[in-house]
Amino acid sequence: MNNNDIVIRLRYALNLTSADLRHIFSLGDLEISGATLDKVMTKQDAETPFDQHLSTHDLEAFLNGLVIYKRGVKKDAQGQEVKPSFDITESAMINNVAIKKIKIALHYTSEDLQELMELAGDQISKGELSAVLRRPDHRNYRPAGDRYLRKILKGMALKYRSN
């Protein structure tokens, strides 16, 4: 799955407009032009690089913006704004971080994620999901394959778009 696919599928599942997408990118401290957004929203061929039109950093900026868009700005104990973290240090972490940030943005519990997977015709055990949601330096951490993220996004589309 490439970075464009993640944004395209989130846009469809959450029924976001182009204006919403540009706003979400700006909340993640990334200004994006209409032409660039059009490129991001264009499905890529399978043989093109996964980050041809949307870098991993820009994808994470979008996911951070999504968290702020849905939940508001995070503040510390003194009431100061806390900048979102950029957790993707290698391409194998993209799916894990995307699942975590979607979970945070939409107030999902682990049971909600399991339900979305079931809606998409797949299953994930609590242990598997826990391993996917752990920090990379934890001994039980497991990289999430494209299947997990794809099924969660498909489950979201089925849940929100069928109503």
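Residues numbered from 1 in each chain as written. Predicted model: local features only at pLDDT ≥ 70, side-chain atom pairs only at ≥ 80, totals over all residues. Heavy atoms only, no water.

Novice: Please explain helix H7 (residues 126–133) as it appears in this structure.
Specialist: Residues that lie three or four places apart on an α-helix share one face, since the helix turns once every 3.6 residues. Those residues of H7 that fall on the buried side of the exposure criterion are Leu129, Ala131, Val132 and Leu133. Buried residues in H7 make contact with helix H5 (94–105), helix H6 (110–119) and helix H8 (146–161). (Buried < 20%, exposed > 50% of the residue type's maximum accessible area, 1.4 Å probe, protein only. Helix = DSSP H or I, 4+ residues; strand = E, 2+ residues; numbered from the N terminus. Contact = heavy atoms within 4.5 Å.)

Novice: What's the story with the nonpolar core in this structure? I'm lost.
Specialist: Nonpolar side chains tend toward joint burial in soluble globular proteins. The biggest cluster of nonpolar side chains holds 46 residues, and the ones touching the most others in it are Val7, Leu10, Phe62, Ile99, Ile102, Leu113 and Met156. Sequence-distant contacts of Leu10, that is, excluding residues within four places in its chain, are made with Asn15, Leu16, Phe62, Leu63, Leu66, Ile102, Leu153 and Met156. (Core = buried A, V, L, I, M, F, W, Y, C linked by side-chain atoms within 4.5 Å.)

Novice: How do you make sense of unusual backbone geometry when you look at a structure like this?
Specialist: Negative phi characterises most residues that are not glycine, and trans characterises most peptide bonds. Unlike most non-glycine residues, Asn15 shows phi in positive territory, near 55 degrees. With a relative accessible area of 55%, Asn15 lands in the exposed category. Positive phi values are uncommon outside glycine, yet Asp29 reaches one of about 65 degrees. Owing to a relative accessible area of 58%, Asp29 belongs among the exposed residues under this scheme.

Novice: Explain the packing of helix H1 (residues 3–14) against helix H4 (residues 56–71) here, please?
Specialist: The geometry of a pair of packed helices is captured by two quantities: the angle between their axes and the separation between those axes. Axis separation between H1 and H4 bottoms out at 9 Å; the angle between their running directions is 20 degrees. Considering the angle they form, H1 stands roughly parallel to H4. In this structure, H1 crosses over H4, and the sense of that crossing is left-handed. Residues Asn3, Ile6, Val7, Leu10 and Leu14 of H1 touch H4, and the partners they reach there are Thr56, Leu59, Phe62, Leu63 and Leu66. (Axes fitted to C-alpha atoms, helices over the stretch in contact; angles between N-to-C directions. Parallel < 35°, antiparallel > 145°, perpendicular 65-115°, else oblique. Left-handed = near helix turned anticlockwise from the far one by under 90°.)

Novice: Which parts of the structure should I look at to understand H1?
Specialist: Compared with an ideal rise of 1.5 Å per residue, which puts 12 residues at 16 Å, H1 spans 17 Å between its outermost C-alpha atoms and is within 8% of the ideal. Within H1, the full set of buried residues consists of Asn3, Asn4, Asp5, Ile6, Val7, Leu10, Ala13 and Leu14. Here the buried face of H1 lies against helix H2 (18–27), helix H3 (34–40), H4, H5 and H8. One side-chain oxygen at the N-terminal end of H1 lies 3.1 Å from the backbone nitrogen of Asn4; it belongs to Asn2. At the C-terminal side of H1, Asn15 shows a positive phi close to 55 degrees. (Expected span 1.5 Å × (residues − 1). Polar contact = N/O pair within 3.5 Å; in protein donor to acceptor, adjacent residues only side chain to side chain.)

Novice: I would appreciate a short explanation of the packing of aromatic side chains in the present structure.
Specialist: For any pair of aromatic rings, the description consists of the separation of the ring centres together with the inter-plane angle of the planes. Inspection of every chain in the model, using the stated rule, returns 1 aromatic pair. Aromatic pair Phe25 and Phe62: ring centres 4.9 Å apart, planes at 50 degrees, arrangement tilted. Within this pair, whereas Phe25 is found in helix H2, its partner Phe62 is found in helix H4, the two being separated by 37 residues in sequence. Judged by its relative accessible area of 0%, Phe62 is buried. (Phe/Tyr/Trp six-rings, centres within 6.5 Å; stacked < 30°, edge-to-face > 60°.)

Novice: Sorry, what's going on with the side chain of Asn64 here?
Specialist: Secondary-structure assignment places Asn64 in helix H4. Of the residues examined, Asn64 reaches a relative accessible area of 4% and is grouped as buried. Here Lys101 takes part through its side chain, which lies 2.4 Å from a polar atom of the side chain of Asn64. When near neighbours in sequence (up to four residues on either side) are disregarded, Asn64 contacts Pro84, Ser85, Phe86 and Lys101.

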